[in-house]
Amino acid sequence: MIVAIDGPSGSGKSSMAKRVAKELGLHYLDTGAMYRAVAFLALERRIDLNDADALESIALNDKIEFVHDEGEAIAKAVKIAGIDCTKQIRTPEIDKAVSPVATCAKVRSALVNQQRQIGALHNTVMEGRDIGTVVFPNAEVKIFMTASAEERAKRRYLQNQNRGMTTLSYEEILEDINRRDRVDSTRDTSPLKAADDAIMLDTTNMTKDEVCEFIKNAYLAVAKSN
């Protein structure tokens, strides 16, 4: 089974998908980390982020690896071209660089193929922008997870503080989230939108425990019916 969790930047998809996967004993794939890894390597190589062919070359030829401890479904590290980029892909610099990479049709095509191959191997919780609409349109469970831009900026700000990243103010993060929302929802290739059959989940006034239970119950209801 595939649990597809889509939603805008800062909605908490990654942390919640990891928790749901762990509690249900499912595999977890962070598709956003794949785009971030490509962005990271492009910056490392000083590649123009508007150079679609160069970005595609990275997506096709530089292996993205999720490193797991034995028996663990959730990866402990992300590598691209053999470089551990786990921490680097979560920096404000990559937050800004990932949008042009994610809007590149050639990159998306290359990475979607990889995501489908990985998802076919396990019962998987997969999160991103277009999992339920493009990557796995026949996913058994589809959640579109969102929150107000202000709440998402607050969460990202606190997350950055906890990671020791104190260079960006709340106002700057809010501006960036609004920018990414515009880019993600208006791009020509796989724009951010809810699948017609997705369950809409506004987490603005929900606790993490409430969100987790909601998604787990949606999964268990489908699993029981099958």
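Before reading on, note that the structure itself is shown above.
Residues numbered from 1 in each chain as written. Predicted model: local features only at pLDDT ≥ 70, side-chain atom pairs only at ≥ 80, totals over all residues. Heavy atoms only, no water.

## Here's the deal with the packing of helix α2 (residues 31-44) against helix α4 (residues 92-102)
Where α2 contacts α4, the axes come no closer than 8 Å and their chain directions differ by 105 degrees. Taken together, the axes of α2 and α4 are roughly perpendicular relative to one another. Mapping the contact onto sequence places Tyr35, Arg36, Val38, Ala39, Phe40 and Leu43 in α2 and Glu93, Ile94, Asp95, Ala97, Val98, Val101 and Ala102 in α4. Taken together, the residues that form the contact of α2 with α4 break down as 10 nonpolar, no polar and 3 charged. (Axes fitted to C-alpha atoms, helices over the stretch in contact; angles between N-to-C directions. Helix = DSSP H or I, 4+ residues; strand = E, 2+ residues; numbered from the N terminus. Parallel < 35°, antiparallel > 145°, perpendicular 65-115°, else oblique. Contact = heavy atoms within 4.5 Å. Nonpolar A, V, L, I, M, F, W, Y, C, P; charged D, E, K, R; others polar.)

## Quick notes on the sheet that holds strand β2 (residues 27-30)
Taking strand neighbours across the sheet as the criterion, the 5 strands line up as β2-β6-β1-β7-β8 in an open arrangement whose pairing is parallel. Each of the sheet's edge strands pairs with one partner strand only, and the pair in question is β2 and β8 (199-202). On average, each strand axis in the sheet is tilted by 20 degrees relative to the strand beside it, whichever way the strands run. Sheet topology places strand β1 (residues 2-6) next to strand β6 (residues 124-128); 5 bridges connect them, and they run parallel. Across the sheet, Val3 pairs through a bridge with Val125, a residue of β6. (Pairing = 2+ DSSP bridges.)

## Section: the nonpolar core
Ranked by size, the top nonpolar core spans 39 residues in total, and within it Val38, Leu55, Ile64, Ile80, Val107 and Leu111 carry the most contacts. Of all the secondary structure elements, the ones that give two or more residues to this core are β1, α2, α3 (52-61), β3 (64-67), β4 (77-80), α4, α5 (105-119) and α6 (131-135). It is α2 that contributes the most residues to this core, 9 residues altogether. Beyond its immediate chain neighbours, meaning those up to four positions away, Val38 contacts Leu55, Ile58, Ala59, Ile64, Ile80, Val101 and Leu111. (Core = buried A, V, L, I, M, F, W, Y, C linked by side-chain atoms within 4.5 Å. Buried < 20%, exposed > 50% of the residue type's maximum accessible area, 1.4 Å probe, protein only.)

## What about α4?
Within α4, 8 of the 11 residues are buried, leaving the element largely enclosed by the surrounding structure. Turning to α4, its buried residues number three or more, namely Pro92, Ile94, Asp95, Ala97, Val98, Ser99, Val101 and Ala102. Residues of α4 that are buried make contact with α2, α3, α5, α7 (149-162) and α8 (170-186).

## So, the side chain of Asn160
Take Asn160: it is sitting in helix α7. We classify Asn160 as buried; its relative accessible area is 3%. The contact partners of Asn160, leaving out residues within four places of it in the chain, are Met165 and Ile173.

## So, the sheet that holds β3
Here 3 strands make up an open sheet; going across it, the order is β3-β4-β5 and the pairing antiparallel. Where the open sheet ends on each side, the last strands, each with one partner, are β3 and β5 (83-84). The sheet contact formed by β4 and β5 spans 2 bridges and is antiparallel. Paired with Lys79 across the two strands is Asp84, which belongs to β5. Helix-sheet contacts for α2 involve β3, β4 and β5, and the interaxial angle to β4 is about 45 degrees.

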